[in-house]
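What follows is each chain in one-letter form.
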Amino acid sequence: MNCRGKTLTFGTQTHVMGILNVTPDSFSDGGRYLDVQQAITHAETMVTEGATLIDIGGESSRPGASPVSVDEELARVVPVIRGLADAVDVLISVDTSKAKVAKHALEAGAHIVNDITALCGDPEMATVVAEMKAGVVLMHMKGTPRTMQQAPEYDDVVTEICSWLKEKTQNAEAQGIAAERIIVDPGIGFGKTTKHNLDILKRLSEFRELKKPLLVGTSRKSFIGNVLEVPITARVEGTAATVCWAIAHGADIVRVHDVKANVRAAQMTDALCR
Ligand code: 9MG
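An account of the accompanying structure is given in this report. (Residues numbered from 1 in each chain as written. Predicted model: local features only at pLDDT ≥ 70, side-chain atom pairs only at ≥ 80, totals over all residues. Heavy atoms only, no water.)

Among the five residues of strand S4 (residues 53-57), five are classified as buried, and the element is accordingly described as predominantly covered. Going residue by residue along S4, you find Leu53, Asp55 and Gly57 tucked away on one face and Ile54 and Ile56 tucked away on the opposite face as well. Sheet analysis places strand S3 (residues 15-21) next to S4, joined by five bridges and oriented parallel. Residue Gly18 lies in a different strand from S4, and its bridge partner there is Ile54. Two strands pair when backbone bridges link them, and S4 and strand S5 (residues 91-95) are joined in this way by five bridges, in the parallel orientation. (Buried < 20%, exposed > 50% of the residue type's maximum accessible area, 1.4 Å probe, protein only. Helix = DSSP H or I, 4+ residues; strand = E, 2+ residues; numbered from the N terminus. Pairing = 2+ DSSP bridges.)

So, about the side chain of Ser93. Within the element layout of this structure, Ser93 appears in strand S5. Residues contacting Ser93, with those up to four places away along its chain left out, are Met17, Ile54, Asp55, Ile56, Ile112 and Asn114. (Contact = heavy atoms within 4.5 Å.)

Another aspect to go through is the site of the ligand. Around the ligand, the neighbouring residues are Ser61, Asp95, Asn114, Ile116, Val137, Met139, Asp185, Phe190, Leu215, Gly217, Lys221 and Arg255. One nitrogen or oxygen atom from the side chain of Asn114 is found 2.8 Å from a nitrogen atom belonging to the ligand. Within the side chain of Asp185, an N or O atom sits 2.6 Å from a nitrogen atom of the ligand. Considering the ligand on its own, with 310 Å² of exposed area, one finds that the protein chains cover 96% of that surface. Taken together, the residues that form the shell around the ligand break down as five nonpolar, three polar and four charged. (Near = heavy atom within 4 Å. Polar contact = N/O pair within 3.5 Å; in protein donor to acceptor, adjacent residues only side chain to side chain. Areas by Shrake-Rupley, 256 points an atom, 1.4 Å probe, with all protein chains shown as cover. Nonpolar A, V, L, I, M, F, W, Y, C, P; charged D, E, K, R; others polar.)

Okay, here's the thing in structure tokens:
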């Protein structure tokens, strides 16, 4: 996959995407400049630990999180992306559903747009991704971050998500996004119960029929907390177990907070199943 001059190869190794949240709760109150330096340093550490992608987000997608204005999101992500593009040699993705934020982030040095609304949140998004020859992650979500955990229901969670993602990839291609720049993601935790999330992982290999690189994001999510009965601070091992499972069943990219542990888990799993 070639995105804005950078190449990502699938099949030979799993790519670990390090999560870089640039939201106020992820920062000290040291002021914007210090925050930017702190974020870049954290991203550099993740790259040293083996991340081949960094995903930068300025708006929380946690259930019930408050929306952020375009200007605030731009102020949070663009300086970090600009600094990071000079500092590291890995792919940078911007976690946003706003076309204006995506455009400025790509101009600042990002390569991929991680859109949790799968191009449905902003009518201009597909044009920005297509014209700027960026990669795009199309993620499944039922509802919105505000409503998604209000008793989500499916007849057959995997079949429904597969056909939903197929439709969204066809729409993306019809709007001019190159087929080889599209990544799909079942959206673990986005409008799913613990059982739905476990069913998606158990049947993950069915997503291979979409014939697109597959991203899976389980890191520290509440279904792991529910299974293990542990708080968010004690979910590294549970996350690593899901990472190994996901790789063995078709994941090409795993999105994680704890890069060092999950890179090791991924490398070991790659040695066993690639
Ligand atoms: C932003 N974000 C939070 N969780 C995610 C997941 O599972 N996938 C993607 N693509 N983005 C996510």
